[in-house]
Amino acid sequence: MKKTVVITGSSRGIGAETAIEFARNGYENIVINYNNSKNEALKVLEKLRNFGCSAIALKADVSNKEEVEYLINETLNQFTKIDVLVNNAGIAQQKLFTDITHKDWKRMFDVNVGGMFNCTSLAVKNMIKNHSGKIINISSMWGITGASCEVHYSASKAAIIGFTKALAKELGPSGINVNCVAPGIIETDMNKNLSLEDVENLKYETPCQNIGTPLDVAKTIVFLASENASFITGQVIGVNGGFLI
Ligand code: NAP
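Treat the numbers as computed from the prediction; the structure is a model and nothing was measured. (Residues numbered from 1 in each chain as written. Predicted model: local features only at pLDDT ≥ 70, side-chain atom pairs only at ≥ 80, totals over all residues. Heavy atoms only, no water.)

Enquirer: When you look at the pairing of strand S3 (residues 56-59) in this model, what are you seeing that I'm missing?
Expert: Across a regular strand the side chains alternate sides, sitting on one face of the sheet and then on the other. Of the two faces of S3, the one lined by Ile-56 and Leu-58 is fully buried and the one lined by Ala-57 and Lys-59 carries no buried residue. With four bridges connecting them, strand S2 (residues 29-34) and S3 associate as parallel partners. Its bridge partner being in S3, Val-31 is matched across the sheet by Ile-56. Viewed along the sheet, the connection from S2 through helix H2 (residues 38-50) into S3 turns out right-handed. (Buried < 20%, exposed > 50% of the residue type's maximum accessible area, 1.4 Å probe, protein only. Helix = DSSP H or I, 4+ residues; strand = E, 2+ residues; numbered from the N terminus. Pairing = 2+ DSSP bridges. Right-handed = clockwise from strand over helix to strand, strands pointing away.)

Enquirer: It is not clear to me how the nonpolar core should be interpreted in this structure. Could you clarify?
Expert: Looking at soluble globular proteins, one finds that nonpolar side chains tend to be buried together. Membership of the largest hydrophobic core comes to 31 residues, with the highest contact counts inside it found for Phe-22, Ile-30, Leu-48 and Ile-221. At the level of elements, strand S1 (4-7), helix H1 (13-24), S2, H2, strand S4 (84-87), strand S5 (133-138) and helix H8 (214-225) are the ones that each hand at least two residues to this core. Ile-82, Leu-85, Ile-135 and Leu-167 belong to the second largest nonpolar core, which has 24 residues in total. (Core = buried A, V, L, I, M, F, W, Y, C linked by side-chain atoms within 4.5 Å.)

Enquirer: Looking at this structure, how should I read the packing of helix H4 (residues 102-130) against helix H6 (residues 151-171)?
Expert: Geometry of a packed helix pair, given as the angle between the helix axes and the separation of the axes. Orientation of H4 relative to H6, taken along the N-to-C sense of each, is 20 degrees, at an axis distance of 9 Å. Our classification of the angle between H4 and H6 gives roughly parallel. Crossing handedness for the pair H4 and H6: right-handed. Only His-152, Tyr-153, Ala-155, Ser-156, Lys-157, Ala-159, Ile-160, Phe-163, Leu-167 and Leu-171 of H6 make contact with H4, whose side of the interface consists of Asp-104, Trp-105, Met-108, Phe-109, Asn-112, Val-113, Met-116, Phe-117, Thr-120, Val-124 and Ile-128. (Axes fitted to C-alpha atoms, helices over the stretch in contact; angles between N-to-C directions. Parallel < 35°, antiparallel > 145°, perpendicular 65-115°, else oblique. Left-handed = near helix turned anticlockwise from the far one by under 90°. Contact = heavy atoms within 4.5 Å.)

This is the structure in structure tokens:
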């Protein structure tokens, strides 16, 4: 299957595992994107090439319009089309609301929401031309229910849900599905501040009695990109072990 998939923020965590899961599922043209973690991105690239993929790794800060232009234009130069865009790149920060500065707020929205806008607005032109495409945006259960001490993160993740639903309505007639995955607590660097005790408590509070793995999320993303999900659009799929029902 010569499909082209672009996964933002795929040097580490959920994005890296998603890239590998696409390779396991036979996708051939895979674009890795990183901002700071070049070495990690190159390791993911090597794994993808071991699957026989024509993978490339491109540096772009998704919040930067010019760098995203490079990411999307270079993808199209190499592979001529984009079948799947996964807007995964994201940052988090834990702070009391009263400590959040304007700079914190702006960076959170520039990366988590602006990054999704920058990538989607360029990639979608190619998808509309092809009358085909899948866009999968990574939100969070905190975008649905809100997290204390993460107001700016929760608000940015809620914005991703609104964007997904509106764009799904607009792009459905163009043959493009737009969906959202809202993970719960997933074992990645983003949660490395949690103590062992915190993790045990979170497992206890989760009906499935565990926290999630990047692979749990990656499998859902790959499903949404597949033909099996062709009648699913505008949806928010929770991957949280029942933590939020
Ligand atoms: P992670 O391990 O911290 O990885 C974040 C990834 O995003 C890295 O590859 C990083 O790239 C990239 N990134 C950050 N800022 C970027 C920017 N400005 N431009 C391009 N790439 C950028 O986090 P994760 O847990 O895998 O999270 C991935 C997504 O899932 C995020 O959107 C996050 O909000 C969401 N999520 C995570 C959880 C969780 O519990 N882990 C739960 C719900 C939702 P570099 O290192 O190269 O800069």
